[in-house]
Amino acid sequence: MRKLTVILTAFTLVTAMAYSAGAVTLDEAEKKADELENQKEAVEEEKASLENRLASIIKQADETKQKLEEKEAEVEAVENELVQARNDADDQYESMKLRIKFMYEGGNTQMVEMLMSSESMGDFLNKAEYISQLSEYDRNELIRYQDTVKEVEKKEAQIQAEYEELNDLQNQLIDQQSEIETLMAENEAELADLQSQIDENSVTLKELQEKAAQAERIRQQQQQSSGSGGGTVIREPGESVVSGNGYFTHPCPGYTSQSSYFGEVRPFDPVPHKGHDYAAPAGTPTYAAAAGRVTMAGWSNSAGNWVVINHGNGLVTKYMHHSYLCVSTGDYVEKGQQIGGVGTTGFSTGNHLHFQVELNGVAVNPSNYL
């Protein structure tokens, strides 16, 4: 409506100037000046209103951004909790398989011999109870870990839903801020147009038409937006690569530089870095540092496309921000087997591999193993 008012005003000015053919009386000029001043005051009031709205939206956007950062931390924490629960379940399952293998490789003979070696009926019953309790323990532990995984997955879904709601709100606020900034830019242009009309009515119309057309083009450009989302691309792995003499092979031997180190405190992240970052062109192959079971391979809002490998004895490696993956959850990988390609997915700036090593759930320096 404001644009329409300006255009109609300009049209009225042109008509009036064409009709009078330059013979404008003092009364007509004063009346025109008063009308332009009234319009200028109205636009200035609208400018003040837009500034107040913009300040309110910026404040709300800052609050939402802070909540998003807190929710991102919660998402990362619950993802790690889920990985730990799955690692515990995997370790318990492997231990149970070893006990079962031991018992069944000897058949029932060993059990019978152990029971028959009892020195008394009480000793016999105690040994029988021990065998029963061991089986019961394995069963209960697996059930407990399965229940823990379900509970953490439920928590992860809830936090993820909250994160998505906050993200949607932030996008809405960004759109509103962009719209108001566009209106303010148009408002400034309108003020300039009105001031130009006050100074020299004969050139106002042309300037107004040019600036109105330019403002419309800018508004249309700023209204264009693009969506974003996360996803996981699975590709066939290339040949295995084992390098170095350490317990671990290098996870990204094709890297161009090491952009961050374990324990480093960076300006944008006050928390000490939990791993090494290896900068490399997008798609550069990444490899399993050692043999183990893939307990996570897929999408994470914080880590992007990531892989988590359980090597046993509490040792776990994590590989983050891939552009594509070559393994799936549950796979067993060998040392040096390709697991993905470098990317910049998740909370990332620039193509790189974040390589993290954990011992009993605590991040440790990867250099100790390379």
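Parameters at a glance
- Residues numbered from 1 in each chain as written.
- Predicted model: local features only at pLDDT ≥ 70, side-chain atom pairs only at ≥ 80, totals over all residues.
- Heavy atoms only, no water.
- Helix = DSSP H or I, 4+ residues; strand = E, 2+ residues; numbered from the N terminus.
- Contact = heavy atoms within 4.5 Å.
- Areas by Shrake-Rupley, 256 points an atom, 1.4 Å probe, with all protein chains shown as cover.
- Salt bridge = Lys/Arg side-chain N within 4 Å of Asp/Glu carboxyl O.
- Buried < 20%, exposed > 50% of the residue type's maximum accessible area, 1.4 Å probe, protein only.
- Phe/Tyr/Trp six-rings, centres within 6.5 Å; stacked < 30°, edge-to-face > 60°.
- Lys NZ or Arg CZ within 6 Å of the ring centre and 35° of its normal.
- Polar contact = N/O pair within 3.5 Å; in protein donor to acceptor, adjacent residues only side chain to side chain.
- Pairing = 2+ DSSP bridges.
- Core = buried A, V, L, I, M, F, W, Y, C linked by side-chain atoms within 4.5 Å.
- Patch = residues over 30% accessible without salt bridge, like charges linked within 9 Å, V, L, I, M, F, W, Y side chains within 5 Å.
- Lys, Arg positive; Asp, Glu negative; His and termini not counted.
- Charge placed at Lys NZ, Arg CZ, Asp CG, Glu CD.
- pLDDT = per-residue confidence, 0-100.

The next subject is the overall build of the chain. In terms of helices and strands, the chain carries 5 helices and 10 strands. For the chain, contacts bridging at least 24 residues in sequence account for 69% of all contacts bridging at least 6. When the accessible surface of the chain is totalled, it reaches about 21500 Å², and 52% of it is carbon and sulfur.

What follows is about the pattern of salt bridges. Enumeration over the complete set of coordinates arrives at 2 salt bridges. For Lys-47, the salt bridge is made with Glu-188, and the minimal N-O distance between the two is 2.8 Å. Of this pair, Lys-47 sits in helix H2 (residues 26–105) while Glu-188 sits in helix H4 (residues 121–199), placing them 141 residues apart in sequence. A relative accessible area of 38% places Glu-188 in the partly exposed class.

When we look at a pair of aromatic rings, we describe it by the centre distance and by the angle of the planes. Per the counting criterion, the structure on display carries 5 aromatic pairs. The interplanar angle of 40° and the centroid separation of 5.4 Å between the aromatic rings of Tyr-247 and Phe-248 together place this pair among those described as tilted. When the ring of Phe-248 is compared with that of Tyr-369, the centres are 5.2 Å apart and the planes differ by 25°; the resulting orientation is stacked. Pair noted here: Phe-248 is in the loop between helix H5 (201–223) and strand E1 (257–260) and Tyr-369 is in the segment after strand E10 (362–364), with a separation of 121 residues, a long-range link. With respect to burial, Phe-248 and Tyr-369 carry one shared label: buried. Through a chain of ring-to-ring contacts, three or more aromatic side chains come together here, namely Tyr-247, Phe-248, Tyr-319, Phe-355 and Tyr-369. When the ring centre of Tyr-324 is taken as origin, the NZ or CZ atom of Arg-235, which lies over that ring, is 4.1 Å away.

So, about the side chain of His-273. Position of His-273 among the secondary structure elements: in the loop between E1 and strand E2 (276–279). Discounting chain neighbours no more than four positions away, the residues touching His-273 are Ser-260, Tyr-261, Phe-262, Gly-263, Glu-264, Arg-266 and His-354.

Once that is clear, we can look at unusual backbone geometry. Although it is not a glycine, His-321 adopts a positive phi angle of roughly 75°. Counting through the fold element by element, His-321 comes out in strand E6 (residues 315–325). One non-glycine residue, Asn-360, lies in the positive phi region at around 55°. Following the sequence through the fold, Asn-360 ends up in the loop between strand E9 (352–359) and E10.

What follows deals with the side chain of Asn-310. With respect to the helices and strands, the residue Asn-310 is situated in strand E5 (residues 304–312). Residue class for Asn-310 comes out buried when judged on its relative accessible area of 5%. A distance of 3.0 Å separates a polar atom in the side chain of Asn-310 from the backbone nitrogen of Gly-312.

We now examine the pairing of strand E4 (residues 292–300). Extensive coverage of E4 is indicated by the burial of 7 of its 9 residues. Inspection of the sheet shows E4 paired to strand E7 (residues 332–333) by 2 bridges, in the antiparallel sense. Note on E7: the bridge partner recorded for Arg-293 is Tyr-332. Between the end of E4 and the start of E5, which pair antiparallel, lie 3 residues.

Let us look at the nonpolar core. Burial of nonpolar side chains together is a common tendency in soluble globular proteins. In this structure, Phe-248, Val-307, Ile-309 and Tyr-319 are the most contacted members of the largest nonpolar core, which totals 23 residues. Listing elements by their share of this core, those giving two or more residues are E4, E5, E6, strand E8 (338–342) and E9. Other than its neighbours up to four places away in sequence, Val-307 contacts Val-294, Met-296, Ala-297, Thr-317, Lys-318, Tyr-319, Leu-325, Val-327 and Ile-339. Core analysis: the second largest hydrophobic core is formed by 17 residues, Val-78, Val-149, Leu-166 and Ala-303 among them.

Looking now at a negative patch on the surface. Side chains of Asp-34, Glu-35, Glu-37, Glu-41, Glu-44 and Glu-45 sit close together on the surface and give a patch of like negative charge. Within the secondary structure layout, Glu-41 lies in helix H2.

Along the chain, Ile-174 falls in helix H4. Taking C-alpha positions, Ile-174 is 8.5 Å from Ile-57, a pair spaced 117 residues apart along the chain.

What follows concerns the environment of Leu-142. Along the chain, Leu-142 falls in helix H4. Each C-alpha atom of the pair Leu-142 and Asp-90 lies 9.1 Å from the other, and the pair is 52 residues apart in sequence.

The subject of this paragraph is the confidence of the model for the chain. Mean pLDDT over the chain stands at 76; residues scoring 70 or higher make up 69%. Per-element mean pLDDT across the chain ranges from 41 in helix H1 (residues 2–20) up to 98 in strand E3 (residues 285–287). Ignoring residues within four places in sequence, the model shows residues 1–27, a span with pLDDT below 50, making 23 contacts including any to other chains. This stretch, residues 202–209, has a pLDDT under 50; its non-local contacts, to residues over four places away or in other chains, come to 12 contacts.

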